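Observations on chain architecture
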Amino acid sequence: MKVNRLKQAIPLKFTEEVADAINERRAVVALESNVITHGLVYPDNALTAFNVEKAVRKGGAVPATIGIEKGQILIGMNHVDIECFAQSKSIPKVGNRDISVALAGGGRGATTVASSIIAAELANIDFFASAGIGGVHRGAEKSMDISGDLIQFTRSKIAVVCAGAKNILDLSLTMEFLETFGVPVISYQFDFFPAFYCKSSNIKSPHRIDNIDNMVMAIRNHLTLKGDTSILVTKPIEDKFAIEEQEVEEIIERAIRNAENENVRGNSITKYLMHAIDKETKGRTSTANSAVLVSTAEFAGKIAAEYVKNLKEKVL
């Protein structure tokens, strides 16, 4: 005999601004909170979060930073929320596999790319912005280490705007994964897939679009078509902040050898490599990280605003 399960909606807590924007069909861009809690230190992390939200507004959209607190998913954070997250040293990172447990626990949780787009979908937000996405890790043919971000792109129908993925990943396999699972990748005014704080990965992007109108049309077409995949829109870091790919690659190769000698493995390897890059570039990667967070957020705001404008014109 089949047992009917009671379906209970996931509790969402909207800020008034975000709720009004969604109800009035204005442009909204979702943002992750993991960059606040597991990126820069206080007060730089709070300042960066405020600058990212400001950039979304400059682009013409309303920012909705996602988090978890008291058994609810926060759809948008106010100034106090961001300060609390920024100053706390004990907020865990919550990925797509962790949301149900984090909500049940009742504490705070910082969302990743994957968990943020799940929340955005629940809240009927079509756009999400991040400096860089996760991908297939180097050595994944043995470790099977693949970011939950990529898996979630095969399950959530949303436009993800980013500056590609970090060089510490295997970017060729990352692109192969996206192709295999039918996730469109479009580079804006650029021929290659960007590599976060490096302008190019030297991997040709499957699609290039040079104007916002065509980009909006491509996004609208994808979100209208049947299927459950995200669409990935990339825009490289500005030249003045970009770090040379060869310089970063040499640092990564040395750091990987050192990590093997020091028996650094598993989840610890990413943090180890990022620290090594930041140290050897004398902090230039931290500056580039903040810069690309802001530029990507502004670009996402601009696309989201044009997308909503386009939809309203179609209705009229």
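In the block above lies the structure referred to throughout.
In this report, the structure presented in the accompanying data block is examined.

Thresholds applied
Residues numbered from 1 in each chain as written. Predicted model: local features only at pLDDT ≥ 70, side-chain atom pairs only at ≥ 80, totals over all residues. Heavy atoms only, no water. Buried < 20%, exposed > 50% of the residue type's maximum accessible area, 1.4 Å probe, protein only. Helix = DSSP H or I, 4+ residues; strand = E, 2+ residues; numbered from the N terminus. Pairing = 2+ DSSP bridges. Phe/Tyr/Trp six-rings, centres within 6.5 Å; stacked < 30°, edge-to-face > 60°. Lys NZ or Arg CZ within 6 Å of the ring centre and 35° of its normal. Core = buried A, V, L, I, M, F, W, Y, C linked by side-chain atoms within 4.5 Å. Salt bridge = Lys/Arg side-chain N within 4 Å of Asp/Glu carboxyl O.

**Section: the pairing of strand β8 (residues 159-162)**
With burial as the criterion, each face of β8 is covered, one bearing Ala159 and Val161 and the other bearing Val160 and Cys162. Across 3 bridges, the pairing between strand β7 (residues 127-129) and β8 is parallel. Looking across to β8, one finds that phenylalanine 127 is bridged to alanine 159. Across 4 bridges, β8 lies against strand β11 (residues 231-234) in parallel orientation.

**Details of the packing of aromatic side chains**
Think of a pair of aromatic rings as described by two things: how far the centres are apart, and how the planes are tilted against each other in angle. For the structure on display, the rule yields 5 aromatic pairs. Consider the rings of phenylalanine 127 and tyrosine 307, whose centres lie 5.1 Å apart with planes at 75 degrees: the pair is edge-to-face. One end of the pair, phenylalanine 127, is in strand β7; the other, tyrosine 307, is in helix α13 (residues 284-315), with 180 residues separating them in the sequence. Among the residues examined, tyrosine 307 registers a relative accessible area of 7% and is labelled buried. If you follow lysine 166 out to its NZ or CZ, it ends over the ring of phenylalanine 196, 4.4 Å from the centre. Of note, lysine 235 hangs over the ring of phenylalanine 299, and the distance from its end group to the ring centre comes to 5.8 Å.

**Some details on the nonpolar core**
In terms of nonpolar packing, the biggest core is built from 89 residues, with Val29, Phe127, Phe153, Ile219, Leu232 and Ile303 touching the most fellow members. Ranked by residue count, the leading element in this core is α13, at 10 residues. Formed by 10 residues, the second largest nonpolar core is a distinct cluster that contains Met77, Ile82, Ala86 and Ile91.

**Let's talk about the pattern of salt bridges**
Summed over all chains, the structure comprises 10 salt bridges. Of the charged contacts in the structure, one is a salt bridge between glutamate 247 and arginine 284, with a shortest N-O distance of 2.4 Å. Note that glutamate 247 is positioned in helix α11 (residues 245-261) and arginine 284 in helix α13, a separation of 37 residues in sequence. For arginine 284, a relative accessible area of 38% translates into the label partly exposed.

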